[in-house]
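Each chain is listed here by its residues.
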Amino acid sequence: MEDKVAQKFDQNSDKIAVVIKEFTLKKLAETIFERHAEPYIVSVAIDASGAANPTIGFNVKPFPNVRAGDKVSFDGQGHLIYGPKNPGEFLAYSILFMESDADIRTVGEKVEQVLKSQALSLGVKALLSANPTWALAATIMEKLMGEVAMQMKKNKDDELFRRNGTLLRDVEPAFDILRSYVSENEFIQCKTSIIPLSSSNMLGSQVRVMKL
């Protein structure tokens, strides 16, 4: 069945989505006085068109009252990191798990402000305009997410886990569709999947676009 889907997939026009299917909070960053945590996921992504006309896709999703050992799973497609969209030649993305120390209701606004300021500080627009390649896009995603983590730590949030990915069109299968990857450290276990997808069910947190 998966082979048939991959064979029918048109890498030049069909859409994909990169999603988090589930994650487990293995332990809390702060355990002395707390019984639960308020983790949040930050994701950033650049595809070929975003590199050529500098824009970044981003998403921020908070999760209140999560206890150590809890598994958070998502109905439908999962939590969107990218898409649904055809990436063009490539897609580079970075995912960050943080634990909030303050009011989690304001974390999305704070992260967006940090993303904008750090993208400006790093000169992302000028870099991509001069060299819109997948290698540079991947490097920028890693650097930008590192700066976001550093700035959020200044707000006393704790970094839990970070992972990066680069998907290419001209490989077999294109963009690694239908594959899932499980990665973890002492705090987080995360399952990420790449799926061919014509449209989003619009039920979860949708990817937003930041023009640089």
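Quick summary incoming for the structure in this document. (Residues numbered from 1 in each chain as written. Predicted model: local features only at pLDDT ≥ 70, side-chain atom pairs only at ≥ 80, totals over all residues. Heavy atoms only, no water.)

## Re the packing of helix 3 (residues 107-122) against helix 5 (residues 134-154)
Interaxial distance between helix 3 and helix 5 falls to 9 Å at its minimum, and their mutual angle equals 130°. One element, helix 3, and the other, helix 5, form an angle in the oblique class. Considering the relative orientation of helix 3 and helix 5, their crossing is right-handed. On helix 5, the residues touching Val107, Lys110, Val111, Val114, Leu115, Gln118, Ala119 and Leu122 of helix 3 are Lys143, Leu144, Glu147, Val148, Gln151 and Met152. Here the contact of helix 3 with helix 5 is composed, by residue class, of nine nonpolar, two polar and three charged. (Axes fitted to C-alpha atoms, helices over the stretch in contact; angles between N-to-C directions. Helix = DSSP H or I, 4+ residues; strand = E, 2+ residues; numbered from the N terminus. Parallel < 35°, antiparallel > 145°, perpendicular 65-115°, else oblique. Left-handed = near helix turned anticlockwise from the far one by under 90°. Contact = heavy atoms within 4.5 Å. Nonpolar A, V, L, I, M, F, W, Y, C, P; charged D, E, K, R; others polar.)

## A few points about the pattern of salt bridges
Under the criterion given, the structure shown has eleven salt bridges. In this structure, Glu184 engages Lys26 in a salt bridge whose closest nitrogen and oxygen atoms are separated by 2.8 Å. Taken together, the residues Glu184 in strand 10 (residues 180-184) and Lys26 in the loop between strand 1 (16-25) and strand 2 (36-37) connect sequence positions 158 residues apart. Residue classification places Glu184 among the partly exposed residues on the basis of a relative accessible area of 43%. Residues Lys153 and Glu159 are paired through a salt bridge, measuring 3.2 Å at the closest nitrogen-oxygen approach. When salt bridges that share partners are traced, they join Glu112, Lys116 and Arg208 into one network. (Salt bridge = Lys/Arg side-chain N within 4 Å of Asp/Glu carboxyl O. Buried < 20%, exposed > 50% of the residue type's maximum accessible area, 1.4 Å probe, protein only.)

## Topic: helix 3
Here helix 3 is 16 residues long and its end C-alpha atoms lie 22 Å apart, about the 22 Å a rise of 1.5 Å per residue gives. Buried within helix 3 we find Val107, Val111, Glu112, Val114, Leu115, Gln118 and Ala119. One face of helix 3 carries all of its buried residues, which in axial projection span an arc of 165°. Exposed side of helix 3, more than 90 degrees from the buried face: Glu109, Leu120 and Ser121 are the residues found there. Contacts from the buried residues of helix 3 go to strand 3 (39-47), strand 4 (55-62), helix 4 (124-130), helix 5 and strand 12 (208-211). One or two positions beyond helix 3, positive phi appears at Gly123, with a value near 70°. (Expected span 1.5 Å × (residues − 1). Arc of directions from axis to C-beta.)

## Points about unusual backbone geometry
Across residues other than glycine, the phi torsion is negative in most instances, and most of the peptide bonds are trans. That bond from Gly83 to Pro84 is cis: its omega, 0°, falls within 30 degrees of zero. Counting through the fold element by element, Pro84 comes out in strand 7 (residues 79-85). Residue Glu172 is joined to Pro173 through a cis peptide bond whose omega torsion reads -5°. The backbone phi angle of Lys156 is positive, close to 75°, even though this residue is not glycine. Topologically, Lys156 is positioned in the loop between helix 5 and strand 9 (158-168). For Lys156, a relative accessible area of 60% gives the class exposed. A positive phi angle, close to 60°, is found at Asp176, a residue other than glycine. By the element assignment, Asp176 lies in the loop between strand 9 and strand 10.

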